Amino acid sequence: MTRFARLLLRRVTLLIVLLAAVFVAVDLLPGSTARAVLGRDATEAAVAAKEHELGLDRPLPVRFGDWLAGVLTGDFGQTARGKSVGELLAGTFPQTLLLGGIAFALTILASLALGAWWSVRPRGVLGRTLQPTTTTAVAVPEFVVATLLILVFSLATGWLPAVTITGRSGFPGSPDMLVLPVLALSIPQIGWNTRVVRAALSDACRLPHVETAVLDGLPERTVLTRHVLPFALPTIVASFATTVGMLLGGALVVETIFNYPGLGALLAASVADRDTTLVAAVVALTGVVIMVMLAAADAVRAWSVRGRL
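### What to know about the overall build of the chain
Per the secondary structure count, the chain includes 12 helices and zero strands. Going from N to C terminus, the chain has its helices and strands arranged as α-α-α-α-α-α-α-α-α-α-α-α. Viewed in the frame of its principal axes, the chain has a C-alpha envelope of about 85 × 60 × 30 Å. For the chain, buried positions account for 40% of its 309 residues. Considering only contacts within the chain whose residues lie at least 6 apart along the sequence, 73% involve residues at least 24 apart. In the structure as shown, the chain presents an accessible area of about 16,500 Å², 67% of it carried by carbon and sulfur atoms.

What follows is the structure, encoded as structure tokens:
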């Protein structure tokens, strides 16, 4: 078994362990799933009948095993309210993917540009400015950034909407409704990845072949793109792959703040209902996306050192 296959197997195992932990955590929440569905006025007999209907009277390991077996065949099961989990995910995941995808693209472009400039001119005005600003951006969580953006660009100036209104397609009714959620997601990640890009490029610049290229009089852009970037690429790609998980996790919070119609609202409703199946399905879906990106980063790293997949 190659190193790449071992890493993939390890991550699949970690995902299964995480899903099992989700089942346990939701089961330990106070309250009853059946009562949340039926309402407070439901009788004990009705609650017991609903629990039997949902299979909640079975041992937790049995429920998890049955659900996992269904997921492996493409069946995510039914929610506590009788809706198809697969249909709910299909109706909300594209919106989250749109939000996270735009934020991811913005993060890549901004952090590459800023990190490259910072590494080339570390003592310039931009470099001295990026040192404190990136540290601040990394330290401030997404929900704080979202709140500040709403205060400045929505309440104070009225330039951008603070609430997302859904159109007939299920997506935001106008593009300007995406601006604040995208910025709230991407600003912390731009801060982090700019520092990673700068550090990776600075380390690569110290390699002997780069110093030789500089002494040979090659243009600065040529040195950066042909002699520095390929050696810094594994670190940068690994950071971007990790960013995918941070963006998806942050999206669940940001979507709630901006009333965005994505997985965040779905997850909030499922936790309120103690709907283990739906919570685990959201975690499984996001976990698979993160695993794919990490696998791509591993492949780039293996390629860069001319190893085997």
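### Comments concerning the packing of aromatic side chains
For any pair of aromatic rings, the description consists of the separation of the ring centres together with the inter-plane angle of the planes. In this structure the tally under the stated criterion is four aromatic pairs. Their ring planes at 45° and their centres at 6.2 Å tell us that phenylalanine 153 and tryptophan 159 sit as a pair that is tilted. Judged by its relative accessible area of 26%, phenylalanine 153 is partly exposed. Tryptophan 159 sits in the exposed class, given a relative accessible area of 63%. Chaining the aromatic ring pairs together yields one cluster made of Phe23, Phe64 and Trp67.

### Comments concerning the nonpolar core
Counting 33 residues, the largest nonpolar core has Ala184, Leu185 and Phe258 as the members making the most contacts within it. Elements with a contribution of two residues or more to this core: helix H5 (85-120), helix H7 (142-156), helix H8 (179-205), helix H9 (208-215) and helix H10 (220-257). With 10 residues, the single largest contributor to this core is H10. Filtering out sequence-adjacent residues up to four positions away, phenylalanine 258 remains in contact with Ala146, Ile150, Ala162, Val163, Thr164, Leu180, Pro181 and Ala184. Trp67, Val85, Leu252 and Val282 belong to the second largest nonpolar core, which has 25 residues in total.

### Concerning H5
The terminal C-alpha atoms of H5, which comprises 36 residues, lie 50 Å apart, in line with the 52 Å expected from a rise of 1.5 Å per residue. In the structure, H5 departs most strongly from a straight axis at threonine 92, where the bend amounts to approximately 30° and where the proline proline 94 lies between one and four residues downstream.

### Considering the pattern of salt bridges
Summed over the entire model, instances satisfying the criterion amount to three salt bridges. In this structure, arginine 63 and aspartate 27 form a salt bridge, with 3.7 Å as the shortest nitrogen-oxygen distance. You can see arginine 63 sitting in helix H4 (residues 60-72) and its partner aspartate 27 sitting in helix H1 (residues 3-28), a full 36 residues away along the chain. Look at arginine 63 and you get buried, because its relative accessible area is 10%. Overall, the relative accessible area of 34% leaves aspartate 27 in the partly exposed class. Across the pair arginine 58 and aspartate 66 runs a salt bridge whose closest N-O atoms are separated by 2.5 Å. According to the relative accessible area criterion, arginine 58 is partly exposed, its value standing at 34%.

Calculation rules
- Residues numbered from 1 in each chain as written.
- Predicted model: local features only at pLDDT ≥ 70, side-chain atom pairs only at ≥ 80, totals over all residues.
- Heavy atoms only, no water.
- Helix = DSSP H or I, 4+ residues; strand = E, 2+ residues; numbered from the N terminus.
- Buried < 20%, exposed > 50% of the residue type's maximum accessible area, 1.4 Å probe, protein only.
- Contact = heavy atoms within 4.5 Å.
- Areas by Shrake-Rupley, 256 points an atom, 1.4 Å probe, with all protein chains shown as cover.
- Phe/Tyr/Trp six-rings, centres within 6.5 Å; stacked < 30°, edge-to-face > 60°.
- Core = buried A, V, L, I, M, F, W, Y, C linked by side-chain atoms within 4.5 Å.
- Expected span 1.5 Å × (residues − 1).
- Bend = angle between axes of the 7 residues up to and from the residue.
- Salt bridge = Lys/Arg side-chain N within 4 Å of Asp/Glu carboxyl O.

Spatial relationships are all this shows, so hold off on functional conclusions.
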